[in-house]
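Next come the chains, spelled out residue by residue.
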Amino acid sequence: MARTQAQDFDDKRVAIMKQAAGLFASKGFSGASVSDISKACGVSKSLIYHYFGAKEDILYQVMTEHIDDLVAIISDPELIDLDATQEFHNLTLALLECYAGAQNAQKVLLYDLNKLTPQQRKTIVKKQRDIIDRFEHVYIRINPDIATNRALLRTKIMLFFGSVNWIHNWYDPQGEINRHTLSALAVANIISSQPLE
């Protein structure tokens, strides 16, 4: 007879993922063992394996939940604005707010993507590209001339993500600059910057 799934099955999976994300972020995927995860969760290793088949499965689920939250942002109709610059700001601020509540998952996504299987990595990368494409489309509305220079467009957008994706390394949310101002500065930087001749 098949084992009945507990009513709190999903809650326990989330709790395990949260602890695992913290360990992966601080010790790296390779440096954090299933024993470390079970100890952090206060449960046995066998219970961890009841919820996840392997440590790699936990990693993939941590990344999947985080990237799906980011994809939900680019799909949110409430962030759309007739003013393209305002829409870019709306999207940026939403990203920063999401990162604020998921710093560990963000670090894992940035550092451990190569630990996934090829198919898992392909799935995550596809979603990352969807996010990049969404920002590119809005930026083209701000600067239509750049549409004919795809290399420059992609470079500017990747420089933008290169700055916002690593904000967790230095930004102090308790400091004098709030996230709304931080978002405005990030948007102003990409809009006002001009390539060197």
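Our subject in this report is the structure included herewith. (Residues numbered from 1 in each chain as written. Predicted model: local features only at pLDDT ≥ 70, side-chain atom pairs only at ≥ 80, totals over all residues. Heavy atoms only, no water.)

In terms of helices and strands, the protein carries 9 helices and 0 strands. Tracing the protein from N to C terminus, the helices and strands come up as α-α-α-α-α-α-α-α-α. In terms of overall dimensions, the protein has a C-alpha envelope of 65 × 40 × 35 Å along the principal axes. Within the protein, the fraction of its 197 residues that count as buried is 40%. Sequence separation of 24 or more characterises 68% of the internal contacts of the protein that already satisfy a separation of 6 or more. Side-chain charges of the protein comprise 21 positive and 23 negative groups, with the mean position of each set lying 9 Å from the other. (Helix = DSSP H or I, 4+ residues; strand = E, 2+ residues; numbered from the N terminus. Buried < 20%, exposed > 50% of the residue type's maximum accessible area, 1.4 Å probe, protein only. Contact = heavy atoms within 4.5 Å. Lys, Arg positive; Asp, Glu negative; His and termini not counted. Charge placed at Lys NZ, Arg CZ, Asp CG, Glu CD.)

Another point: the pattern of salt bridges. Tallying each qualifying case throughout the model produces 9 salt bridges. Among the ionic pairs, Lys127 bridges to Asp68, the shortest N-O distance being 2.7 Å. Within this pair, whereas Lys127 is found in helix 7 (residues 118-142), its partner Asp68 is found in helix 4 (residues 55-74), the two being separated by 59 residues in sequence. Two residues, Glu136 and Arg150, come together in a salt bridge whose shortest N-O distance is 3.4 Å. Of this pair, Glu136 sits in helix 7 while Arg150 sits in helix 8 (residues 150-164), placing them 14 residues apart in sequence. Residue Glu136 is classed as buried on the basis of its relative accessible area, which comes to 2%. Among the charged side chains, a salt-bridge network with shared partners connects Asp133, Glu136, Arg150 and Arg154. (Salt bridge = Lys/Arg side-chain N within 4 Å of Asp/Glu carboxyl O.)

With respect to the helices, strands and loops of the structure, Asn169 is situated in the loop between helix 8 and helix 9 (179-192). As a C-alpha pair, Asn169 and Lys107 span 62 residues in sequence and 9.3 Å in three-dimensional space. In contact with Asn169, other than residues within four places in its own chain, are Lys107 and Tyr111.

The next point concerns the packing of aromatic side chains. Applying the stated criterion to the full structure yields 9 aromatic pairs. Measuring from centroid to centroid gives 5.3 Å for Phe160 and Phe161, while their planes differ by 75°, and the two rings are edge-to-face. Judged by centre distance (6.2 Å) and plane angle (85°), the rings of Trp170 and Tyr171 are edge-to-face. Residue Trp170 is classed as exposed on the basis of its relative accessible area of 57%. Three or more aromatic residues joined by ring pairs make a cluster, and in this case those are Phe88, Phe135, Tyr139, Phe160 and Phe161. The ring of Phe29 has Lys55 lying over it, and the distance from NZ or CZ to the ring centre is 4.2 Å. (Phe/Tyr/Trp six-rings, centres within 6.5 Å; stacked < 30°, edge-to-face > 60°. Lys NZ or Arg CZ within 6 Å of the ring centre and 35° of its normal.)

Just geometry here; none of it tells us what the structure is for.
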